[in-house]
Amino acid sequence: MISVRKYMALPLIALLIACQGTDSVDYKDSSAPVEARVKDLLDKMTMEEKLRQLSQINMVSDIVNDGVFDETKLDEVIGSDGYGSVQGIVLSGEKATEYYNRVQRYCMEKTRLGIPIFTTTESLHGSVQDGSTIFPQSIGVAATFDPELANQMTTAVAGELFAQGVNQVLCPVVDVTRDPRWGRTEETFGEDPYLNGLFGIAEVKGYLDNRLNPVLKHYGPGAETQGGLNLASVSCSLRDLLQIHLKPFEMVVRNTNLHGIMSSYDAWDRIPNSASHYLLTELLRDEWGFDGYVYSDWGAISFLHSFHKVAANEAEAGRMAITAGLDFEASSDCFWKLPELVEQGKMDEGVIDQAVARVLKVKFEMGLFENPYRNEGGKPQMRTAENKALARRMADESIVLLKNENNLLPLDAGHLRSLAVIGPNADQVQFGDYSWSRSNEDGVTPLAGLRQLLGERVNIRYAKGCDLVTDDRSGFAEAVNAARTSDATLLFLGTASASLARDYSNVTSGEGFDQCDLNLTGVQQQLLEAVYATGKPVVLILVTGKPISLPWAKEHVPAIVAQWYGGEAAGNAIADMLVGNTVPSGKTPISWPQSAGHLPCFYNHLPSDRGFYHQPGAPNNPGRDYVFSSPDPLWAFGHGLSYTSFEYGEPVLSATQLLPTDTLTIGLDVRNTGLYDGKEVVQLYFNDIASSLATPVKQLKAFKKVEIPAGESRRVEMRVPVSEFAYYDMDMNLQVEPGEFDIMIGSASDDIRHTIRIQVGAKGSVIKTDPVTNASFMVTPDGDTIRRE
């Protein structure tokens, strides 16, 4: 059992660098222990040099002058004291290579102590330096249900970042998103903590294995805010905090050698996450064993004073953050007020030393003192053939076929004479937030992809119809005419996101762009209904960063596709999918609500949370629980159709009577019974039949994506440690309670093909832990002790 301390501030336990009693070493000696090198360097540093290591500068505003690197400004800003980090997110790839290395060389050769600097950028779905490969947005990456693809992506991105002179990236995001009104939904891996954790592990390892330092974000609950508003506070229980919101962070910390984690802007239980000793020290370090450094989200420390109003001034904000366990300040200057507090006796200098030691430790562990430069003097290799091919494959596998009535899709390109391509996202790339471009020159639009594929064989009639943000219907007539005179219509609707620190015009999704409802924006819904009224077959393709409420479309439109933001190859990917050259295999990583009023609608809800009467109403037909609606989602987590069909054989379990220390193995044959080769995501959920506290109706605990040729079968095996069935009991101890559990295997959370009952321990048994071996054993009601050999 794991004990969780009560969440209250405890006295700070300073980091002790275990070097007492050892011979003095030189921090430049690469053969010396890291702890000894940190101590030696820290002992040599002035207060100014220490604070510099906890601060970040902006390449463009602090060093670059009218687009040109300015050596004079560099000398004025960095001087002889160095700096902790430099970011240049708006630079081109070529300039990044040159400029980052020039700053690094200055820090190594012209500062007093020669401490390397973190060269920092963003790379949520590809480096944000201009010219980099643009991969699908994170919500689309999650829809592949293939963490290995995510690992391949960050491996590829790491190569481009290395070539651009970068050694630190602010990603991935593992916030569990259960309110899609939040604009940053697109940056996440969806609503399930286990799925988020696996993708987080995969992406972090891709960076770490290639000499990049990923800073996992945004630590602390922040994706289920009040009203879905960015930066707003979060209200949830301690159990939900630990088992839902922070579970992915714990998974990554415990399963990788993570060096950096970013604090978040939000507050939980009225305590801002960036000033929470419980989150940043007691849980992260003391419970999970994290030994890296904590980086503040940009401006988060000053927000303690200016936004949360919990600090009287910036000095107090800095003290609150650093004593809570936040080590590095980005984009504010509160830490620079700390020496005054030290001089006044209000704070111990050892707290500052602790933060500096953590930052230096990471730099030593990364080998930056010995190998500070990245591709110095070289030209960055970006958008290589291999990276573009990977981006295309990920775009293919992220597409989710939500509905396909009467097998309207795939379209028979051989018999199509004309095709209407309509909508504001038909001839406009949508890469998603945290990308470097919004230009059609940097990717393939759906219209371009269809024209490349179909050439002159099919007469393509394009009409924009409307935009994403206004009520202008002047383009409706052209769109309706195109639909009426064509064999079929492809309607591309959805959302638009910014390019980071560049273009924020007409944005409807992304950071700081939240929605009070989940409807199609502007007059897109009216355009959809007008086109549908022509009576011609309509396929609705959603180019979007989040779920959209589409009850009318689900009822009327025969085929609906979620493409998300598919990256630079999105146009080619959707074109091939629509005509059957590729077979959709994506699964939605987040449930699609009928409306904002149906929130929350996540699949892993408690038994009481989808109504009691189960007499759903409808317009003109009142009922209960909701008078005029059911509480169900439009499409549930894990849903995604294919052009082929899959038959699930009988599962074989390694055992049906287990101990908490056991691992359950499940094997089954899956047969492709359709006409197309395809990929299926086999999903495993569990449910605790009767528990001391209310537990979710189902929880994802394993999945596997498998490619199966038409007419053939493949054996699928999954392993689930029984410890995954644990929950926090009345006393906040993490335990597996003896009893019955259902193992559910299916194609989606609401498409379960097989349910098998297992027993963990005997009814009335008690699970105990051997204090010597730490092994679990079971005591039966008769007093017998059962141990697993």
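Since we're looking at a predicted model, the values are computed, not measured.

Student: Can you walk me through the sheet that holds strand E16 (residues 488–494) in this structure?
Tutor: Consider a sheet: its strands pair through backbone hydrogen bonds, and that pairing is either parallel or antiparallel. Across the sheet, which stays open at both edges, the 6 strands sit in the order E13-E18-E17-E16-E14-E15 with mixed pairing between neighbours. The open sheet has two edge strands, strand E13 (400–404) and strand E15 (459–463), and neither has a second partner. For this sheet, the mean angle separating the axes of adjacent strands, direction not counted, is 15°. Pairing analysis gives 5 bridges linking strand E14 (residues 418–422) to E15, with the strands arranged parallel. Opposite Leu419, over in E15, you have Ile460 as the bridge partner.

Student: Help me understand the packing of aromatic side chains, please; the structure alone is not making it clear to me.
Tutor: What characterises a pair of aromatic rings is the spacing of the ring centres plus the angle enclosed by the ring planes. Here the structure, examined in full by the defined rule, presents 26 aromatic pairs. Aromatic pair Phe118 and Tyr293: ring centres 5.6 Å apart, planes at 5°, arrangement stacked. Of this pair, Phe118 sits in strand E6 (residues 118–121) while Tyr293 sits in strand E12 (residues 293–295), and the two are 175 residues apart along the sequence. Ring geometry for Phe686 versus Phe741: centroids 6.1 Å apart, planes at 45°, classification tilted. A residue pair is termed long-range when its members are at least 10 positions apart, and Phe686 in strand E23 (residues 678–688) and Phe741 in strand E28 (residues 739–748) qualify at 55 residues.

Student: Could you clarify how one ought to interpret the side chain of Ser332 in this entry?
Tutor: Relative to the helices and strands, Ser332 resides in the loop between helix H13 (314–324) and helix H14 (338–343). When its relative accessible area of 12% is taken as the criterion, Ser332 is described as buried. In this structure the side chain of Ser332 is engaged in a polar contact, spanning 2.6 Å, whose partner is the side chain of Glu329. Apart from residues lying up to four places away in sequence, Ser332 is in contact with Gly299, Ile301 and Ser302.

Student: Would you mind showing me how to read the sheet that holds E28 here?
Tutor: Pairing is mixed in the open sheet, where 5 strands are placed in the order E21-E29-E28-E23-E24. Either end of the sheet is taken by a strand with one partner, and the two such strands are strand E21 (657–658) and strand E24 (699–708). Across 9 bridges, the pairing between E23 and E24 is antiparallel. Considered in E24, the bridge of Gly678 is made with Ile708.

So, how was this worked out
- Residues numbered from 1 in each chain as written.
- Predicted model: local features only at pLDDT ≥ 70, side-chain atom pairs only at ≥ 80, totals over all residues.
- Heavy atoms only, no water.
- Pairing = 2+ DSSP bridges.
- Helix = DSSP H or I, 4+ residues; strand = E, 2+ residues; numbered from the N terminus.
- Axes fitted to C-alpha atoms, helices over the stretch in contact; angles between N-to-C directions.
- Phe/Tyr/Trp six-rings, centres within 6.5 Å; stacked < 30°, edge-to-face > 60°.
- Buried < 20%, exposed > 50% of the residue type's maximum accessible area, 1.4 Å probe, protein only.
- Polar contact = N/O pair within 3.5 Å; in protein donor to acceptor, adjacent residues only side chain to side chain.
- Contact = heavy atoms within 4.5 Å.

Everything listed here is a matter of coordinates, which is why it stays silent on function.
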